[in-house]
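Descriptive structure summary
Next come the chains, spelled out residue by residue.
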Amino acid sequence: QARIVAMPNYVSEEILAAQPAAERQRVILAVGRLAKVKNYHTLLAAWALIAADHPDWKVVIYGVGPQLKVLKAEALRLGVADSFLLEGHRGNLGEEYARMSIFCHPAHFEGFGLSAAEALALGMPVVAFADCPGVNEFVFDGENGLLVDRAGGAEALAAGLRRLIEDDAL
């Protein structure tokens, strides 16, 4: 036991150097590989449920991966391609975390969930599924984000996003 060293999970100084904006942009941010495990199709379906009620908001996803074409086509089909933006790779995300309003992490599971930790470090509330291992260990429902029931699918995720969009005090 004397040789065991606990290493804390890491949020880089580069991220922490960003200063949270006094007034955030009306953007829901997601960051990660565009792969099935990240479950961005559920975020897209959730956004399609509430986008018309919030035309001054948009969703921005930074990431690349095999789901890019499928997500773009689905956004077009659902009529939200103008407000559901797949922005590809981005280096330093600190400024993005600092200026956007809500972080959504719809993944099925995570080892840790670095992007969610980075968002929290810069004062963004996180909406995620309550059963997402890794993320549910540091996102606390009603304190620094909202954890929704995966069984509720896109509707539950939409309800969590809507709640944060419409309740500035929260």
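Thresholds applied
Residue numbers here run from 1 along each chain, matching the order of that chain's written sequence. Under the rules for a predicted model, residues below a pLDDT of 70 receive no local features and side-chain atom pairs below 80 are neither given nor counted, while totals for whole chains, interfaces and linings still include all residues. Excluding hydrogens and water, the side-chain values take into account all heavy atoms of the structure. Each helix is a run of DSSP H or I of at least 4 residues and each strand a run of E of at least 2, with the numbering of both proceeding from the N terminus. Throughout this description, a polar contact denotes any pair of N or O atoms lying within 3.5 Å of each other; where both atoms belong to protein, one of them has to be capable of donating a hydrogen while the other can accept it, and for residues adjacent in sequence the pair is counted only when both atoms sit in side chains. Contacts are residue-level and defined by heavy atoms, with any inter-residue pair within 4.5 Å sufficient. Between rings of Phe, Tyr and Trp, where Trp is taken as its six-membered ring, a pair exists when centres lie within 6.5 Å; planes separated by under 30 degrees are stacked, by over 60 edge-to-face, and by other angles tilted. Partly exposed describes any residue whose relative accessible area lies between the buried limit of under 20% and the exposed limit of over 50%, with all areas from a 1.4 Å probe on protein chains only and scaled to the type maximum.

1. Examining the side chain of Ser 83
Within the fold, Ser 83 resides in the loop between helix 3 (68–78) and strand 3 (84–86). There is a polar contact of 2.8 Å between the side chain of Ser 83 and the side chain of Trp 47. In this view, Ser 83 contacts Trp 47, Ala 51, Trp 57, Lys 58 and Val 59; residues no more than four positions away in its chain are not counted.

2. A closer look at the packing of aromatic side chains
Overall, the coordinates contain two aromatic pairs when judged by the stated rule. For the pair Tyr 97 and Phe 103, a centre-to-centre distance of 6.0 Å together with 55° between the ring planes defines the contact as tilted. Across this residue pair, the class does not change: Tyr 97 and Phe 103 are buried. An angle of 40° between the planes, with centres 5.2 Å apart, marks the rings of Phe 112 and Phe 138 as tilted. In this pair, Phe 112 is assigned in the loop between strand 4 (100–105) and helix 5 (114–121) and Phe 138 in the loop between strand 5 (126–129) and strand 6 (145–148), connecting sequence segments 26 residues apart.

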